[in-house]
Amino acid sequence: MILKSYEIENNIKKTDQYKFILIYGENIGLKETLKKNISDLNKKAEIINLYQEDINKNKNIVIDEIKNTSLFSEEKLIIINQTNENIFNELEGILDGKEKIKIILIAELLDKKSKLRTTFEKKNNLAIIPCYNDNDVTLRKLIQNELGEFKNLNSNDVNMILNYSNLNRKTILNNIEKIKTFYENKIISDDNLETLLNSDRNELFENIRDAA
């Protein structure tokens with residue numbers, strides 16, 4: 001089942017109904033955001049972070065983690081980072097299982113003929129979220145959504161944030177965190193914004209953050 005990334009960003013609870021979710025694509029910032037939001041949604045679960053390299057070294061590591069029960073939590077979330085087509089053989093036997101576990105796969109670009117990708121696209125009990133590169137429109141919407149409660153936010157401010165972030169989602173999110181920390185009263189001032197966003201003046205922000 002293909003899920004659109006912007007819909008999941010707006011309502012992360014849509015992922016609740018899926019035990020297996022594949023997040024793939026070239027947009028690193030978006031993938032990190034979705035991964036964090038799903039983890040936050042499952043904060044009561046025991047969270048296990050694995051990498052494809054771990055599985056290459058130990059083919060049974062995923063099965064072992066599924067079988068291992070925790071004394072502290074009845075739920076378990078396994079996140080497999082930097083995964084690729086090789087993971088399919090290790091998961092094929094459990095994709096339709098009834099284990100009380102959620103598995104998130106984080107992958108780079110996958111070919112249309114990828115068995116992993118096509119399996120997740122065709123099966124209704126599996127979810128796949130493509131993460132394509134952002135454009136000017138999607139990034140403006142991201143900024144406006146994140147800073148929607150801030151007063152005095154105008155088109156010049158949005159342009160400034162975009163320019164100082166080089167249209168990179170991860171950098172934009174970092175700059176948004178700076179803004180949220182600096183403007184605690186949620187009133188943006190153009191006089192300080194450029195200085196705050198200027199990468200050459202990061203020492204200023206470090207001092208501000210430490211003081212906060």
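See above for the structure.
These numbers were taken from a predicted model, which means no experiment stands behind them.

What counts, and where the lines are drawn
- Residues numbered from 1 in each chain as written.
- Predicted model: local features only at pLDDT ≥ 70, side-chain atom pairs only at ≥ 80, totals over all residues.
- Heavy atoms only, no water.
- Buried < 20%, exposed > 50% of the residue type's maximum accessible area, 1.4 Å probe, protein only.
- Helix = DSSP H or I, 4+ residues; strand = E, 2+ residues; numbered from the N terminus.
- Pairing = 2+ DSSP bridges.
- Expected span 1.5 Å × (residues − 1).
- Polar contact = N/O pair within 3.5 Å; in protein donor to acceptor, adjacent residues only side chain to side chain.
- Axes fitted to C-alpha atoms, helices over the stretch in contact; angles between N-to-C directions.
- Contact = heavy atoms within 4.5 Å.
- Core = buried A, V, L, I, M, F, W, Y, C linked by side-chain atoms within 4.5 Å.
- Left-handed = near helix turned anticlockwise from the far one by under 90°.
- Nonpolar A, V, L, I, M, F, W, Y, C, P; charged D, E, K, R; others polar.
- Arc of directions from axis to C-beta.

Novice: Help me out: how do you make sense of the pairing of strand β5 (residues 126–131) in this one?
Specialist: For a regular strand, side chains alternate in direction, first toward one face of the sheet and then toward the other. Of all six residues that make up β5, six are buried, and the element is covered over most of its length. Of the two faces of β5, the one holding L126, I128 and P130 and the one holding A127, I129 and C131 are both buried throughout. As judged from the six bridges shared by strand β1 (residues 20–25) and β5, these two strands associate in the parallel manner. Counterpart to I23 in the pairing with β5 is I129.

Novice: What exactly am I supposed to notice about helix α9 (residues 169–182) here?
Specialist: Spacing of three or four residues puts side chains on the same side of an α-helix, whose turn is 3.6 residues. A rise of 1.5 Å per residue sets the reference length of α9, with its 14 residues, at 20 Å; its end C-alpha atoms lie 20 Å apart and thus fit the reference within 8%. All of the buried residues along α9 are R169, I172, N175, I176, K178 and I179. Two or three places before K170, at the opening of α9, N168 has a side-chain oxygen 2.9 Å from that residue's backbone nitrogen.

Novice: Can you walk me through the sheet that holds strand β4 (residues 102–107) in this structure?
Specialist: Note: strands within a sheet are paired through backbone hydrogen bonds, in either parallel or antiparallel orientation. Spatial ordering of the open sheet is given by β2-β3-β4-β1-β5, a layout of five strands whose pairing is parallel. The outermost strands of the open sheet, each flanked by one partner alone, are β2 (46–51) and β5. Strand-to-strand twist of the sheet, defined as the mean angle between neighbouring strand axes without regard to direction, takes the value 15°. Each of β1, β2, β3 (76–83), β4 and β5 touches helix α2 (residues 28–41); the most contacted strand, β1, lies at about 160° to it.

Novice: Would you explain the nonpolar core in this entry?
Specialist: The nonpolar side chains of a soluble globular protein tend to be buried with one another. Counting residues in hydrophobic clusters, the biggest one holds 25 residues, and the most contacted among them are V62, I103, L105 and F120. Of all the secondary-structure elements, those providing two or more residues to this core are β1, β2, α4 (61–67), β3, α5 (87–91), β4, α6 (115–122) and β5. What V62 contacts, discounting residues up to four positions off in sequence, is L50, I55, I78, I80, L91, I94 and I103.

Novice: What should I look at first to understand the packing of helix α7 (residues 136–146) against helix α8 (residues 155–165) in this one?
Specialist: How two helices pack is summed up by the angle between their axes together with the distance between the axes. Across the interface, α7 lies against α8 with an axial gap of 10 Å and an inter-helix angle of 115°. As α7 packs across α8, the resulting crossing turns out to be right-handed. Note on element contacts: α8 touches α7 through V158, N159, I161 and L162, opposite D136, L139, R140, I143 and Q144. Taken together, the residues of the contact of α7 with α8 sort by class into five nonpolar, two polar and two charged.

Novice: I tried to follow helix α10 (residues 190–197) on my own but got confused; where do I start?
Specialist: Inspection of α10 places L193, L196 and L197 among the buried residues, and these make up the whole buried set. Seen from one end, α10 has its buried residues packed into an arc of 85°, which puts them on one side.

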